[in-house]
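Examination of the molecular architecture
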Amino acid sequence: MVVKISANVQSALADETLQGNLRRAFVDTLHSRNEAVSEVPNWEELRDYARDVKAHTLSRLPEYLQSLEEKVLEQGGKVIWAETGQEAVQFIVDLSHRREIREVVKGKSMLSEEIHLNESLERAQIKPVETDLGEYVIQLAGEKPSHLVAPALHKSRKQIADLFVQELGMAPTGDVLEITATARKLLRRHFLTARMGITGVNFAVAETGTIVIVENEGNVGLSVAVPEIHIALMGIEKVIPRSRDLAVFLKLLIRSATGQKITSYVNCLSGPRRSDELDGPQEFYLILIDNGRTKILADDFMRESLSCIRCGACLNVCPVYQTIGGHAYGSTYQGPLGAMLTPLLTSVSEAPEHAFASSLCGACHEVCPVKIPIPQILLKLRERFQSERNQKAASFSLEKLVMQVWARVMCAPSLYARLGRWARIVDKVCGKRGMGRLPVPPFSRWMKHRDLPALPPQSFRELYSKEVS
Amino acid sequence: MKVSLFITCLVDQFFPQIGISTMKILRKLGVEVEFDSRQTCCGQPAFNTGYVEEARQVARHFLEVYGDSDHIVVPSGSCSTMIKVFFPKLFAEDSSQRSLAEEIGRRTFELSEFLSSVLGVETTGARFPEVVTYHDSCHLLRELGISSQPRQLIRAVEEIDFREMEHCDRCCGFGGAFSVKFPDISTAMGADKVGWIQGSGARYVIASDVGCLMHLRGLLERNRVPVQTMHLAELLAKFED
Ligand code: SF4
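Conventions and cut-offs
Residues numbered from 1 in each chain as written. Chains lettered and ligands numbered in written order. Predicted model: local features only at pLDDT ≥ 70, side-chain atom pairs only at ≥ 80, totals over all residues. Heavy atoms only, no water. Helix = DSSP H or I, 4+ residues; strand = E, 2+ residues; numbered from the N terminus. Buried < 20%, exposed > 50% of the residue type's maximum accessible area, 1.4 Å probe, protein only. Contact = heavy atoms within 4.5 Å. Areas by Shrake-Rupley, 256 points an atom, 1.4 Å probe, with all protein chains shown as cover. Near = heavy atom within 4 Å. Nonpolar A, V, L, I, M, F, W, Y, C, P; charged D, E, K, R; others polar. Phe/Tyr/Trp six-rings, centres within 6.5 Å; stacked < 30°, edge-to-face > 60°. Lys NZ or Arg CZ within 6 Å of the ring centre and 35° of its normal. Patch = residues over 30% accessible without salt bridge, like charges linked within 9 Å, V, L, I, M, F, W, Y side chains within 5 Å. Salt bridge = Lys/Arg side-chain N within 4 Å of Asp/Glu carboxyl O. Pairing = 2+ DSSP bridges. Axes fitted to C-alpha atoms, helices over the stretch in contact; angles between N-to-C directions. Parallel < 35°, antiparallel > 145°, perpendicular 65-115°, else oblique. Disulfide = S-S within 2.5 Å. Buried area = accessible area lost by both parts, 1.4 Å probe. Polar contact = N/O pair within 3.5 Å; in protein donor to acceptor, adjacent residues only side chain to side chain. pLDDT = per-residue confidence, 0-100. Expected span 1.5 Å × (residues − 1).

Now for the overall build of chain B. When you go through chain B residue by residue, the secondary structure sums to 13 helices and eight strands. Taken over the C-alpha atoms alone, chain B extends approximately 50 × 45 × 30 Å along its principal axes. Counting all 241 residues of chain B, 65% fall into the buried class. Within chain B, counting contacts between residues at least 6 apart in sequence, those at least 24 apart form 78% of the total. Counting only carbon and sulfur atoms, one obtains 44% of the accessible surface of chain B, whose full area is about 8,400 Å².

Listed below in C-alpha cells is the structure:
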C-alpha cells in the first residue's frame, strides 16, 4: 500500500480544532521539555553516552538478544521470536484461543499499532481493551494515535467529553477529573476480568532479563499484575546491555518525552510470579519482533535510526508536525521519526513522500536524546528514492531530466549566463507577476500562496563586469 | 587580504543588490574582492532532492573554480553549509576530491562569520533608524552554529532598534524543494513566522539566506503585510560611500 502525505495536508490545515490543539500542545510540551533538560547540566554528555551505548548494542545485537533470552528463561518466562508482525499476532491469537481468552487489556504500545494487533484480535473474536487514557479515547473514537506519546493529542478536552457522553453515557461535563473517573471506573472492571495483559517495552536489560515500562497512569502496572498472562511486545532494538545504563536512558527518555523528572511509575518486571510473591502473572511471554528491523540493521547508513527510544521530542519540535499533526502522515509513526522510519520499515516506494515532507531544518536532530541525525537520513532516503525510481527502465521522470539539464547548465558558466538573460526577457514579457504567471510547476506551486519577485534588469555578474570594464 | 566571492545563483539572478552590498562592505574594510565569473551554483537544489550525481557534478565545478582562492565569502547560510558540510559527504568515496572539498570548506565563510570572526569587525559603520528583527536560517544556525555574529553586527548599526521575535529560530518553511513539493505546509509554516515577525513590532525582517527571504517576502507581499525583508548584507552596507 502506498501512503501519500500530500493527500491529507489540506484537510489537516482546514481542521480548526486540530490546529488549535496542535498549537497548545507544542507550546506546553516543548516548554516543559526545555525546562526539564536545562536542569541537567551534563545533558549533552548523557546524549553522547546514550548514543554510544545504542551504537554498541546495535553492533552486537544478536549477542545481547540471546543473553536477554537466557535471563528471561531463567526467570521462568518464555521468549518468542517473531520475524514479522503477523507471526507475533498469530502467536497471541493462538494462545488466546487455546486458553479460551475473549478479552485482553492493553498498555500503550506503538509496536502493537505497527503490527495492527487490535484489528487482528477483533477479527479473531478477541476484544482488546486499551487502558492508557489516551489510547482508550482513540479506541472509543475508532481512530489511530496521532502522536506516539500523546495518542489523542489531536483531540480537545471538549471532543473527549462529547465522545464519553455519546459512547459511554457519561453525564455532560467539562471537568477533567470527572472524565478521567468515568474511564477509570469502566477500566477497573476490565482489569479484574481480563485474563491477558499486553504491553510494550521501553527497555529490556540483557544482563538481568528485566523489562522496563514507564507510565503515568498505573494502567500498565495493573495490566501486568492482575491477569494470568502478561505478553510484552518488544522491537528487537529495545535491548540495552546493563541495568546501570537505565539511569541515563530513563533520564533522557522521560525528560524528553513529557518534561517530567520521572514518570509516576517505572515498572521493572522480571518474569512471572514466584511462589512467594503475592501478585504478578502466572505466565510471562516476551515477543521479540523484527518486522523489518534486521533489514535496517544491515544498512550501515540507516542503522542509527534503530537507536530511537520513542520519546516523541522530535515530533513536538518539528514545524511540519506542528502544522499538519500526526494523522496526515498516514503511517503508524509520524513527525521526523515517522518520516525516517516509515520508508525504512516498508520501502521508499510504499512511502514515497515521507522523506520529502521535511524542510530539513534540523530541529529534530537538535533535540533527539540519542542524537539520531534525522535530516541526514532523510537526505539519504531521498537519494535512494530517486535512484530506485530512475532504475525502473520504463519510468520516465521529467524531474530527473530537468535536474540533468540543470546540472549541465551549472557546469557551463556562459550558458548559465545566457539562460539568465533569456529568463529576464521572459519574466518581463510575462508582465506584472513575471514568470510566476506560468501555469507550470514549480511556478504554479510557488504562487499558490505567495508572490515571486520580478527578476532585476541585470544579474550580479552583469553589474560586476560593467563595473570592472 | 584577498577574498573570492561566491555570490550564489539566487543572489546573482534575483537579488544582485545583495552581492553589490557584500562587495561594498568588504571593500570598505580594506579587503580586496574578486568575483570569478565561472561560478554558478553550489548544487543544493539537486542535493536536497536526492539527485546526488547531479549535485556532485556541480560541486566538482565549484571546486575547480575555487581551487586556488584564499578566503571564500558567501552571503548565504545554506550555500556555506552545502560547501562546508555537504561537499565532503558528497565525495565520501573519492579521497582526493574529499580532501580538496574539506580544504576549500575550511576557507569558506558565511559573510557575518567572516566579518566577526575572521576580520574581527565590530561595526561596518552602517546607520539605519528603523525597527528590525532577525530570522535565524536553519542551516546557518544548526549546521554552522552561527547566531551571535549576525546579531552583534545588527546591534552595532547606528540608530537601529533591534527586537528579537518569538521563535526566531523556528524554520520559516522555505526548505528549498520543500517549498514547492509541499506548498501548503511550507506557506502555513511561513504564516506562523510572519505572525511572530509582526508580533515583534519590526518593520524589517533581516536574514542571511536569500531562500528564506524570498519565501517570506512572497508571503508578506501576497498578504499585504507592511513589513519588508532585507538581507544582512544590505543592512550592513547602509553607510555613506
Ligand atoms: S528519533 Fe530521537 S527524538 Fe525522535 S522519538 Fe526517537 S529518540 Fe525521540
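Once the structure has been displayed, the description carries forward.
Structurally, the position occupied by S179 of chain B is in helix α10 (residues 178-181). Note on S179 of chain B: relative accessible area 2%, which makes it buried. Leave out the neighbours within four places in its chain, and S179 of chain B touches W446 and R450 of chain A together with F174 and S186 of chain B.

This paragraph deals with the site of the ligand. Surrounding the ligand, one finds C308, I309, R310, C311, G312, C314, C368, P369, V370, I372 and I374 of chain A. Within the shell around the ligand, the residues separate by chemical class into nine nonpolar, one polar and one charged.

As a further point, take the packing of aromatic side chains. The final tally for this structure, using the stated rule, is 17 aromatic pairs over all chains. With a centroid separation of 6.2 Å and 75° between ring planes, the pair formed by W446 of chain A and F174 of chain B is classed as edge-to-face. Of the two residues, W446 of chain A is situated in helix α21 (residues 443-447) and F174 of chain B in the loop between β6 (161-162) and α10; the pairing between them involves two chains. Pair check on accessibility: W446 of chain A and F174 of chain B agree, each one buried. Between F62 of chain B and F87 of chain B, the aromatic rings sit 5.5 Å apart at their centres with planes inclined by 75°, giving edge-to-face as the arrangement. Here the residue F62 of chain B occupies a position in helix α4 (residues 52-66), and F87 of chain B occupies one in helix α5 (residues 77-90), the gap between them amounting to 25 residues. Here the guanidinium or amino end of R450 of chain A rests over the ring plane of W446 of chain A, the centre of that ring lying 4.1 Å away. For K24 of chain B, the ring lying beneath its charged end belongs to F239 of chain B, and the centroid distance is 4.9 Å.

Time to look at a nonpolar patch on the surface. Residue and element names in this part refer to chain A. A cluster of nonpolar side chains, F396, L398, L401, V402 and V405, forms an exposed patch at the surface whose accessible area comes to about 510 Å². Counting through the fold element by element, V402 comes out in helix α19 (residues 398-410). According to the relative accessible area criterion, V402 is partly exposed, its value standing at 48%.

With that settled, consider the sheet that holds strand β8 (residues 239-240) of chain A. Residue and element names in this part refer to chain A. In spatial order, the strands read β8-β5-β6-β9; together these four strands make up an open sheet with mixed pairing. The open sheet terminates on both sides in strands that have one partner only, identified here as β8 and β9 (265-269). In the sheet, strand β5 (residues 203-205) pairs with β8 via two bridges, with the strands oriented parallel. Bridge pairing links V205 to I240 in β8.

What follows covers unusual backbone geometry. Residue and element names in this part refer to chain A. Note that the residue after P441, namely P442, is joined by a cis bond; omega there is 0°. Note that P442 resides in the loop between α20 (413-429) and α21. Phi at N291 is positive, roughly 45°, even though this residue is not glycine. With respect to the secondary-structure elements, N291 resides in the loop between β10 (283-289) and α13 (293-297).

Residues and elements named next belong to chain A. Pairing within the open sheet is parallel, and its six strands lie in the order β1-β10-β7-β4-β2-β3. The sheet is open, and its two edges are formed by β1 (78-82) and β3 (127-130), each paired on a single side. When the angles between neighbouring strand axes are averaged without regard to direction, this sheet yields 25°. Against the sheet, helix α5 (residues 85-98) makes contact with β1, β4 (196-199), β7 (229-235) and β10, and its axis sits at roughly 160° relative to β10, the strand it touches most.

The next subject is the packing of α19 of chain A against α4 of chain B. Put simply, α19 of chain A and α4 of chain B touch, their axes get as near as 9 Å, and they point 5° apart. What the angle tells us is that α19 of chain A and α4 of chain B run roughly parallel. Residues K400, M403, Q404, W406, A407 and M410 of chain A of α19 of chain A form the contact with α4 of chain B, whose participating residues are E54, Q57, V58 and H61 of chain B. Of the residues contributing to the contact of α19 of chain A with α4 of chain B, the split by class is five nonpolar, three polar and two charged.

With that out of the way, let us pick up the environment of L222 of chain A. All names here are of chain A. Position of L222 relative to the elements: it lies in helix α11 (residues 219-225). For L222, a relative accessible area of 25% translates into the label partly exposed. Between the C-alpha atoms of L222 and G197, which are 25 residues apart in sequence, the distance is 8.5 Å. Setting aside residues up to four positions removed in sequence, L222 forms contacts with R188, F191 and P227.

This part is about the state of the cysteines. Applying the stated criterion to the full structure yields zero disulfides over all chains. Of the cysteine sulfurs around C168 of chain B, a residue in no disulfide, the closest is that of C138 of chain B, at 11 Å.

In many analyses, interface size is given as the accessible surface area lost on bringing the parts together. The interface of chain B with chain A comprises 63 residues on the first partner and 62 residues on the second. In this assembly, chain B packs against chain A so that about 5,600 Å² is buried in total across both faces, 63% of it on carbon and sulfur atoms. Looking only at chain B, the three residues that lose the most surface to chain A are Q13, Y51 and R222 of chain B, adding up to 13% of its buried area. One can count eight salt bridges joining chain B with chain A. With its nearest N and O atoms 2.9 Å apart, the salt bridge here joins K181 of chain B to E399 of chain A. The interface formed by chain B and chain A includes 34 residue pairs in polar contact (both at pLDDT 80 or more). In terms of residue class, the side of chain B that touches chain A is built from 30 nonpolar, 18 polar and 15 charged.

Attention shifts here to the confidence of the model for chain B. In the predicted model, chain B carries a mean pLDDT of 97, and 100% of its residues have values of at least 70. Across the predicted assembly, pTM comes out at 0.96 and ipTM at 0.96.

So, on to helix α12 (residues 210-222) of chain B. An ideal rise of 1.5 Å per residue puts 18 Å on 13 residues; α12 of chain B measures up with 18 Å between its terminal C-alpha atoms. Along α12 of chain B, 10 of the 13 residues are buried, which leaves the element largely enclosed by surrounding structure. Residues V210, G211, C212, L213, M214, H215, L216, G218, L219 and L220 of chain B constitute the buried set of α12 of chain B. Along its buried surface, α12 of chain B packs onto α21 of chain A together with α1 (9-13), α2 (16-28), α11 (183-199), β7 (204-207) and β8 (228-231) of chain B. Once α12 of chain B ends, the next one or two residues include R224 of chain B, with phi positive near 50°.

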